[in-house]
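Spelled out from the first residue to the last, the chains are:
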Amino acid sequence: MLEVYGIQKSFGAQQVLKGIDLQVSQGDVVAILGPSGSGKTTLLRCLNFLESANAGTMVFDGESFQMGSISKKNIRRLRMKTAFVFQNYNLFLNKTALQNVTEGLVMARKMPKSQAEEIGRRSLDKVGLSDRYHYYPYQLSGGQQQRVAIARAIATQPEIIYFDEPTSALDPELTGEVLSVMRQLANEGMTMLVVTHEMGFARNVSNQVIFMEDGVIVEQDRADRFFENPKEDRTKAFLSNFGSAEQSHAAKKSY
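Residues numbered from 1 in each chain as written. Predicted model: local features only at pLDDT ≥ 70, side-chain atom pairs only at ≥ 80, totals over all residues. Heavy atoms only, no water.

## Some details on the packing of helix α3 (residues 97–107) against helix α4 (residues 113–126)
Link 1 in the chain: Their axes nearest at 9 Å, the elements α3 and α4 cross at an angle of 130 degrees. When the axes of α3 and α4 are compared, the pair comes out oblique. Between α3 and α4 lies a crossing whose hand is right-handed. Residues Ala97, Leu98, Val101, Thr102, Leu105 and Val106 of α3 touch α4, and the partners they reach there are Lys113, Ala116, Glu117, Ile119, Gly120, Arg121, Ser123 and Leu124.
Link 2 in the chain: By residue class, the composition of the contact of α3 with α4 is 8 nonpolar, 3 polar and 3 charged. (Axes fitted to C-alpha atoms, helices over the stretch in contact; angles between N-to-C directions. Helix = DSSP H or I, 4+ residues; strand = E, 2+ residues; numbered from the N terminus. Parallel < 35°, antiparallel > 145°, perpendicular 65-115°, else oblique. Left-handed = near helix turned anticlockwise from the far one by under 90°. Contact = heavy atoms within 4.5 Å. Nonpolar A, V, L, I, M, F, W, Y, C, P; charged D, E, K, R; others polar.)

Next comes the structure, spelled out in structure tokens:
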């Protein structure tokens with residue numbers, strides 16, 4: 001479904017991505033882990049062309065693109081197949097929850113307003129916000145705002161959703177409601193790439209885990225093998241900082 005080879009990205013003299021290869025199949029939920037500054041968010045942003053990679057090849061649905069020289073037309077085509085959920089929601093503060101969900105459908109996809117509103121209501125229902133259609137962001141909790149952002153993503157019926165640390169701006173008590181929605185999407189077969197520090201989610205919802213550091217993929221494996229038997233010493237050290245495999249097992253109760 002999605003394959004990328006040799007992604008490189010530099011900001012000035014600093015090389016942030018040093019040749020990333022990645023393959024994602026339909027229905028995969030890929031958790032991307034790593035310390036701050038490892039290149040996780042930059043990778044995700046390059047995959048959705050929010051940042052321009054310096055080099056690399058993307059194969060999406062069998063069609064190949066050179067990421068360093070891709071045309072704006074092809075970027076638009078690829079973005080029609082994907083959605084992006086940001087850390088800080090990126091909602092329009094002057095629009096209601098329903099308007100935030102329908103804006104892209106009407107403006108970018110030229111959908112009739114009545115059809116967009118029907119899809120928008122259905123998407124908000126799906127994330128548990130059927131009673132918040134006409135609330136503005138300031139009237140919503142952080143968890144509710146992030147669920148509006150997820151509703152906006154699923155309203156476009158994407159083939160892949162990219163999540164950039166979707167719970168990092170939330171209080172712990174609000175994190176669970178967002179992760180519950182993401183688990184529901186995973187159970188329904190949505191393909192997702194998720195930059196996260198939530199070890200319970202990575203272990204118990206994702207089927208593939210990637211560990212990045214210093215712009216490279218240090219280790220990638222099935223989620224069960226990654227947590228039960230990591231191969232690289234650096235991976236073992238990273239996991240130990242989260243309380244070892246026993247803590248990850250304990251987190252399973254919340255998922």
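## Points about the confidence of the model for the protein
Link 1 in the chain: Predicted confidence across the protein gives a mean pLDDT of 93, with 95% of residues reaching 70 or more.
Link 2 in the chain: In this model residues 244–255 is a low-confidence stretch, pLDDT under 50, and it forms 20 contacts with partners more than four residues away in sequence or in other chains. (pLDDT = per-residue confidence, 0-100.)

## Some thoughts on the packing of α4 against helix α5 (residues 142–155)
Link 1 in the chain: Two elements in contact, α4 and α5, have axes whose closest approach is 8 Å; the angle formed by their N-to-C orientations is 130 degrees. Considered as vectors, α4 and α5 are oriented oblique to each other. As α4 runs across α5, the sense of the crossing is right-handed. Residues Ile119, Ser123, Leu124 and Lys126 of α4 form the contact with α5, whose own contacting residues are Val148, Ala151, Ile154 and Ala155.
Link 2 in the chain: Split into classes, the residues belonging to the contact of α4 with α5 amount to 6 nonpolar, 1 polar and 1 charged.

## A look at the environment of glutamate 103
Link 1 in the chain: Of note, glutamate 103 is situated in helix α3.
Link 2 in the chain: Judged by its relative accessible area of 25%, glutamate 103 falls in the partly exposed class.
Link 3 in the chain: When the C-alpha positions of glutamate 103 and lysine 113 are compared, they lie 9.1 Å apart, and in sequence the two are 10 residues distant.
Link 4 in the chain: Residues within four places of glutamate 103 in sequence aside, it is in contact with Phe92, Lys95 and Ala108. (Buried < 20%, exposed > 50% of the residue type's maximum accessible area, 1.4 Å probe, protein only.)

## Re the packing of aromatic side chains
Link 1 in the chain: If you walk through the whole model with that rule in mind, you get 5 aromatic pairs.
Link 2 in the chain: Plain terms: the ring middles of phenylalanine 211 and phenylalanine 238 are 4.7 Å apart, the flat faces sit at 40 degrees to each other, and that makes the pair tilted. In this pair, phenylalanine 211 is assigned in strand β9 (residues 208–213) and phenylalanine 238 in helix α9 (residues 233–240), connecting sequence segments 27 residues apart.
Link 3 in the chain: By the ring-pair criterion, three or more aromatic residues cluster together here, those being Phe84, Phe86 and Tyr162.
Link 4 in the chain: The ring of phenylalanine 11 is capped by lysine 9, whose NZ or CZ atom sits 4.9 Å from the centre of that ring.
Link 5 in the chain: Above the ring of tyrosine 135, the side-chain terminus of arginine 132 is found at 4.6 Å from the ring centroid. (Phe/Tyr/Trp six-rings, centres within 6.5 Å; stacked < 30°, edge-to-face > 60°. Lys NZ or Arg CZ within 6 Å of the ring centre and 35° of its normal.)

## Brief notes about the environment of threonine 57
Link 1 in the chain: As for its position among the elements, threonine 57 is in strand β4 (residues 55–60).
Link 2 in the chain: Along the sequence, threonine 57 and tyrosine 5 sit 52 residues apart, while their C-alpha atoms lie 5.2 Å from each other.
Link 3 in the chain: Ignoring any residue separated from it by four or fewer positions in sequence, one finds threonine 57 in contact with Glu3, Val4, Tyr5, Ser64, Phe65, Gln66 and Met67.
Link 4 in the chain: A polar side-chain atom of threonine 57 sits 3.3 Å from a polar atom in the side chain of glutamine 66. (Polar contact = N/O pair within 3.5 Å; in protein donor to acceptor, adjacent residues only side chain to side chain.)

## A closer look at the nonpolar core
Link 1 in the chain: Counting residues in each nonpolar core, the largest one holds 39 residues, and the members touching the most others are Leu124, Ile150, Ile161 and Phe163.
Link 2 in the chain: Of all the elements in the fold, those that place two or more residues in this core are β6 (82–85), α3, α4, α5, β7 (160–164), α6 (172–187) and β8 (191–195).
Link 3 in the chain: The residues touching isoleucine 161, leaving out its near neighbours within four places in the chain, are Ala83, Val85, Ala153, Ile154, Leu185, Met190, Thr191, Met192 and Leu193. (Core = buried A, V, L, I, M, F, W, Y, C linked by side-chain atoms within 4.5 Å.)

## Brief notes about the sheet that holds strand β1 (residues 2–11)
Link 1 in the chain: Read across the sheet, 4 strands follow the order β2-β1-β4-β5 without closing on themselves; strand pairing throughout is antiparallel. If you trace the sheet from one side to the other, it starts and ends with β2 (14–24) and β5 (63–66), each paired once. Taken over all neighbouring pairs, the strand axes of this sheet differ in orientation by 15 degrees on average, direction set aside.
Link 2 in the chain: Looking at chain direction, β1 and β4 are connected through 5 bridges and run antiparallel. Counted as the bridge partner of tyrosine 5 is threonine 57 from β4.
Link 3 in the chain: Helix-sheet contacts for helix α2 (residues 72–79) involve β4 and β5, and the interaxial angle to β5 is about 130 degrees. (Pairing = 2+ DSSP bridges.)

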